[in-house]
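# Chain and residue survey
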Amino acid sequence: MESFADWLRAREDAALRALLAARPELVTPVPADLTALAARAGTPVAISRALDRLDRFTLAVLEALLVLPRPVSPNDLADAMDATQDDVRQALERLERHALIWENGGGGAFAPAPGVRPQLPHPAGLGPPVREVFAGYTTERLAAIITDLEGEEPRGFADSAGLLDRLSALLAAPERLIEDAGPEARAALLQLAWGPPVGRVADARRPVRVGTATTPIERLLARGLLAAEDDRTVTLPREVGLHLREGRLFRDVPAHPPELTGSVSTPGGGDGDELAVRTAAGEAFTTVRLVEELLERWGTEPPPVLRSGGLAVRDLRAVATLLDVEEWRAALLTEVAYATGLLTRSGTVDGEWLPTPAYDLWLARDTAGRWTELARGWLTSDRVPGLAGERDDRDRMINALSEATVRSSAPALRAAVLNVLASAGPGLAVDEESIRARLSWLHPRRTGALRDRLIGWTLREAAALGLTGFGRLAPYARDLLDGHDPEPGLRKHLPEPVDEIVIQADLTAVAPGPLVTELARELALSADVESTGGATVYRFTPTSIRRALDAGRTAAELTELLSRHSVTPLPQPLTYLIEDVARRHGHLRVGSLTSYVRGDSPAVLDEILADRRSGTLRAHRLAPTVLASALPRGELLDALRGMGLAPVAEEPGGGIIITRPDVLRADPPPTAEVVRVRPGGATADDSMIAAAVRALRAGDEAARHGAEQARRRGDAPSGEPPRSPAAATVERLRAAVQSGTRVWIGYLDQQGQSSSRIVEPVRVEGGFLTGYDATRAAVHRFALHRITGVAELDEDS
């Protein structure tokens, strides 16, 4: 092969599709041709992402390719790795599939792809070879080192290349030199032998001779056993490192992941597994209930947004108190609601945290559907609730819902942890240390203290959200990870919603289980939650009844609703309470003058003015049944209610304003976009990958034969662009997606000019058509509202 691009070009379409599926970032956007794909695949960012996906053994095989003298065959790798040929062959196939290695020259010998070597500066923990590490030395200094080692000045070596060859030959068997340097020098070398092969010293570049060296480092530098990179950095040459390792490239690199360990209960779906699933489903139900309770409260009493963004610590503690949970779980619930799109901030300055209109749609779903949205939001979110309450690098508080909780690695790590749990045997609750060991083998480059903490947080949050029970992944959570619908699996483990309550004479109502959505909302409006658990207890109070009346309910409607859903006759104390509150409700009406009070009876206004508390109203009488006030309408309403009255708000025309505190909503910012990715990380759709491969092949065709010929090959049929009704256009495009056929469309550009395109549709969603555009030899997105029509193509076309 002449080049890496030529090697890619010679591969079959199936191999290219496998490459793009393994490295989906390479088609964002789709490159113009395979030469551009090869260039993008060799960029540092693309190589780094590909290396991050490799397991420890596959990465070690790649490092061995960088270390061993070329050409390297699979047999050479198997001998160097002390592994079986099958294991090495599988690792090579994966590296080739990811285009991290390629066959350069044929014969079954592999070479690293362009761009790989700089991303692995110390493969296998070894330093550069002698010729490379001493390349920066002057001719005089190289000659001095060789003179000390051989006892006489080198003859016949006029340039650095010859001196480097001689020094490399001398260090090929360095045992005598190491013994001569002394035991302390050997100990220093052993610290660098297994990597990293660099160390920090003082004044490394000062020329030193064997006869004048005093310290162990000076003795090593004088003998060429260490090389000075700069004034303070020394490097162990590769030949010396391999000698100290006795020729081994790695200490211990298992070809297979470590076994999972933990506690084992009854296998094969016994009582232990059933208990774990029921426990997980119970937590899932609780999560849905807590999120609903939180957003219902914030819909009427929204907390403010901090100037720096996020939720104040006191408001997070208030959430924990309201829901009776720990603060970390309160942070988790708020972050999940935000990630799912149920919660957002209103405005940009002095905003509040409010539910979104999507929350009302969420409420219309059953419990299993609600949980699925929350679980997907958590899986795909790059926010880390566990950071809430901690300090950042500048010792500033990290608040929940702030940008300081964002970590881009969170979604992939959550998916990795859950996939490890999914791979556990029946009845095995994997312990955290075993998960860390497995992930260290699967993704050795993704390490650090944050990763270890994220693993612990993921396990804690998965249990709290109901994905796991007793450390085991629930079956419906496995469906979620695999991209299947988890709702049927969860629904059969959830209690059935009930539409009946038990209303008692002490003004309480007991819900024996989860309520149907309509009843739950009406009961939350007209009563206050007193306790939760297996059954929920509500209490009716004058304030809660007035809240329902303020929301537009009448006394008759409220009585009829409660009578219809109560399994017992409505107690007299409750009917009296509803009638008493309704009798006084609305006798006073408050409007804006700044504001006024209007009533049907002058005597009621006389009582208000005679009350000692009326001084705060700043009111005066305009007419026998009208008072004017300098207070805003809202403050006047609160003040009158504080006096034991039940006023209602009035609009300028005299109509009653229905106050609905339960429907405060904030639209998400116009630029906000919820990006859904599969739990395993960024992936590309199979149909998009197939279209991208076609575009790459077409780009190569265009590059070889010229853009003009490519345009001729893709010319649309002659005649005016097709026109069809909008509904018929969408239906025909969807039919073309299913059948995989090409269609002829008319398309308007931004200037309103119509053009013809030949398109192979791949996807129709979100107001766009995505497909392979034969007239441009590229994958393109078309706005549906700009498509004038669709027509089928004849065979000749």
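Quick notes on the rules
- Residues numbered from 1 in each chain as written.
- Predicted model: local features only at pLDDT ≥ 70, side-chain atom pairs only at ≥ 80, totals over all residues.
- Heavy atoms only, no water.
- Helix = DSSP H or I, 4+ residues; strand = E, 2+ residues; numbered from the N terminus.
- Rg over C-alpha atoms; globule rule 2.2 N^0.38 Å.
- Buried < 20%, exposed > 50% of the residue type's maximum accessible area, 1.4 Å probe, protein only.
- Patch = residues over 30% accessible without salt bridge, like charges linked within 9 Å, V, L, I, M, F, W, Y side chains within 5 Å.
- Areas by Shrake-Rupley, 256 points an atom, 1.4 Å probe, with all protein chains shown as cover.
- Salt bridge = Lys/Arg side-chain N within 4 Å of Asp/Glu carboxyl O.
- Lys, Arg positive; Asp, Glu negative; His and termini not counted.
- Charge placed at Lys NZ, Arg CZ, Asp CG, Glu CD.
- Phe/Tyr/Trp six-rings, centres within 6.5 Å; stacked < 30°, edge-to-face > 60°.
- Core = buried A, V, L, I, M, F, W, Y, C linked by side-chain atoms within 4.5 Å.
- Contact = heavy atoms within 4.5 Å.
- 1 Å grid on protein atoms, 1.4 Å probe; cavity = no way out; pocket = protein on both sides within 12 Å on 5 of 7 lines; lining within 4 Å.
- Points joined across faces, edges and corners; volume = space filled by probe spheres on them.
- Nonpolar A, V, L, I, M, F, W, Y, C, P; charged D, E, K, R; others polar.
- Pairing = 2+ DSSP bridges.
- Axes fitted to C-alpha atoms, helices over the stretch in contact; angles between N-to-C directions.
- Parallel < 35°, antiparallel > 145°, perpendicular 65-115°, else oblique.
- Left-handed = near helix turned anticlockwise from the far one by under 90°.
- Expected span 1.5 Å × (residues − 1).
- Polar contact = N/O pair within 3.5 Å; in protein donor to acceptor, adjacent residues only side chain to side chain.
- pLDDT = per-residue confidence, 0-100.

A count of helical and extended segments in the protein gives 34 helices and 25 strands. The C-alpha atoms of the protein give a radius of gyration of 37 Å, which is well past the 28 Å a tight globule of 797 residues would have. Seen through its C-alpha atoms, the protein measures out along the principal axes to roughly 125 × 80 × 60 Å. Buried residues in the protein amount to 47% of all 797 residues.

This next bit is on a negative patch on the surface. Together, Glu132, Glu229, Asp230 and Asp231 give the surface a local cluster of negative charge. Along the polypeptide, Glu229 turns up in the loop between β4 (227–228) and β5 (233–235).

Summed over all chains, the structure comprises seven aromatic pairs. Both rings, one in Phe134 and one in Tyr137, keep their centres 4.9 Å apart while their planes meet at 75°; by these two values the pair is edge-to-face. In this structure Tyr137 comes out as buried when scored by relative accessible area, which is 7%. Ring geometry for Tyr359 and Trp362: centres 5.8 Å apart, planes at 25°, overall stacked.

What follows concerns the nonpolar core. The tendency in soluble globular proteins is for nonpolar side chains to be buried as a group. The biggest cluster of nonpolar side chains holds 69 residues, and the ones touching the most others in it are Trp371, Trp378, Leu418 and Leu467. Broken down by element, the residue count for this core peaks at ten residues, all from helix α16 (residues 271–300). If near-sequence neighbours (up to four positions away) are discounted, Trp378 is found in contact with Leu332, Val336, Arg414, Leu418, Thr458, Glu461, Ala462, Leu465 and Leu467.

What follows covers empty space enclosed by the protein. Taken as a whole, this structure holds one cavity of 30 Å³ or more when the rule is applied. Forming the walls of the largest cavity are Glu335, Val336, Ala339, Trp378, Ser381, Arg383, Pro385 and Arg414. A class-by-class count of the residues in the lining of the largest cavity yields four nonpolar, one polar and three charged.

To continue, consider the sheet that holds β4. Taken in spatial order, the three strands make up an open sheet running β3-β5-β4, and their pairing is antiparallel. Since the sheet does not close on itself, it has two edges, and those belong to β3 (198–200) and β4, each with one partner. Pairing analysis gives two bridges linking β4 to β5, with the strands arranged antiparallel. Within β5, the residue paired with Ala228 across the bridge is Val234.

Here helix α26 (residues 517–526) has its buried residues at Leu519, Ala520, Glu522, Leu523, Leu525 and Ser526. Against the buried residues of α26 lie β15 (536–539), α27 (542–550) and α28 (555–565).

Between α28 and helix α29 (residues 572–584), whose axes approach to 10 Å, the crossing angle comes to 160°. Viewed along their axes, α28 and α29 adopt a mutual orientation that is roughly antiparallel. As α28 packs across α29, the resulting crossing turns out to be right-handed. Between α28, through Ala555, Leu558, Thr559 and Leu562, and α29, the contact on the second element is made entirely by Leu574, Ile578 and Ala582. Classifying every residue of the contact of α28 with α29 gives six nonpolar, one polar and no charged.

A word on the pattern of salt bridges. When their charged atoms lie close together, side chains carrying opposite charge are able to pair. Summed over the entire model, instances satisfying the criterion amount to 42 salt bridges. Asp550 is the salt-bridge partner of Arg641, the closest N and O atoms lying 3.2 Å from each other. Taken as a pair, Arg641 in helix α31 (residues 633–642) and Asp550 in helix α27 lie far apart in primary sequence, 91 residues in all. Residue Arg641 is classed as partly exposed on the basis of its relative accessible area of 22%. Note on Asp550: relative accessible area 11%, which makes it buried. Taken together, the salt bridges that share partners define one network made up of Arg365, Asp366, Glu373, Glu487 and Arg491.

Turning to helix α5 (residues 56–67), a few remarks are in order. Given a rise of 1.5 Å per residue, twelve residues ought to cover 16 Å, and the 16 Å separating the end C-alpha atoms of α5 matches this to within 8%. Most of α5 sits inside the fold, with eleven of its twelve residues counted as buried. Taken together, the buried positions of α5 are occupied by Phe57, Thr58, Leu59, Ala60, Val61, Leu62, Glu63, Ala64, Leu65, Leu66 and Val67. Two or three places before Phe57, at the start of α5, stands the capping residue Asp55, its side-chain oxygen 3.0 Å from that residue's backbone nitrogen.

The pLDDT averaged across the protein works out to 85; a share of 90% of its residues lies at or above 70. Per-element confidence in the protein is highest for helix α18 (residues 327–339), whose mean pLDDT is 96, and lowest for helix α33 (residues 707–713), whose mean pLDDT is 46. This stretch, residues 670–682, has a pLDDT under 50; its non-local contacts, to residues over four places away or in other chains, come to 15 contacts. Confidence drops under a pLDDT of 50 for residues 706–711, and excluding neighbours within four residues, the segment shows three contacts in the predicted structure.

We now examine the packing of α5 against helix α7 (residues 85–97). For the pair α5 and α7, the least separation of the axes is 9 Å and the interaxial angle reads 85°. One element, α5, and the other, α7, form an angle in the roughly perpendicular class. Counted together, Phe57, Thr58, Val61, Leu62 and Leu65 of α5 and Asp87, Val88, Ala91, Leu92, Arg94 and Leu95 of α7 form the full contact between these two elements. Split into classes, the residues belonging to the contact of α5 with α7 amount to eight nonpolar, one polar and two charged.

This brings us to the sheet that holds strand β22 (residues 754–765). Taken in spatial order, the five strands make up an open sheet running β24-β23-β22-β21-β25, and their pairing is antiparallel. A strand with exactly one partner marks an edge of an open sheet, and here the two such strands are β24 (778–783) and β25 (787–792). Here the strands of the sheet are splayed against their neighbours by 45° on average, with no regard to which way each runs. As paired strands, strand β21 (residues 743–748) and β25 are joined by five bridges and run antiparallel to one another. Along β25, the bridge assignment pairs Val743 with Glu792. Where helix α34 (residues 726–739) meets the sheet, it contacts β21, β22, β23 (768–773) and β25, and its direction lies at approximately 65° from that of β22.

Below, the discussion takes up the pairing of strand β17 (residues 595–599). β17 sits mainly inside the fold: four of its five residues count as buried. In this structure, β17 lies alongside strand β19 (residues 626–629), joined through four bridges in antiparallel fashion. Of the residues in β19, the one forming a bridge with Ser595 is Ser629.

A few words on the side chain of Ser168. For Ser168, the position within the fold is in helix α11 (residues 160–170). Assessed through its relative accessible area of 8%, Ser168 is described here as buried. Among all residues touching Ser168, those that are not within four sequence positions of it are Val130, Arg131 and Glu239.

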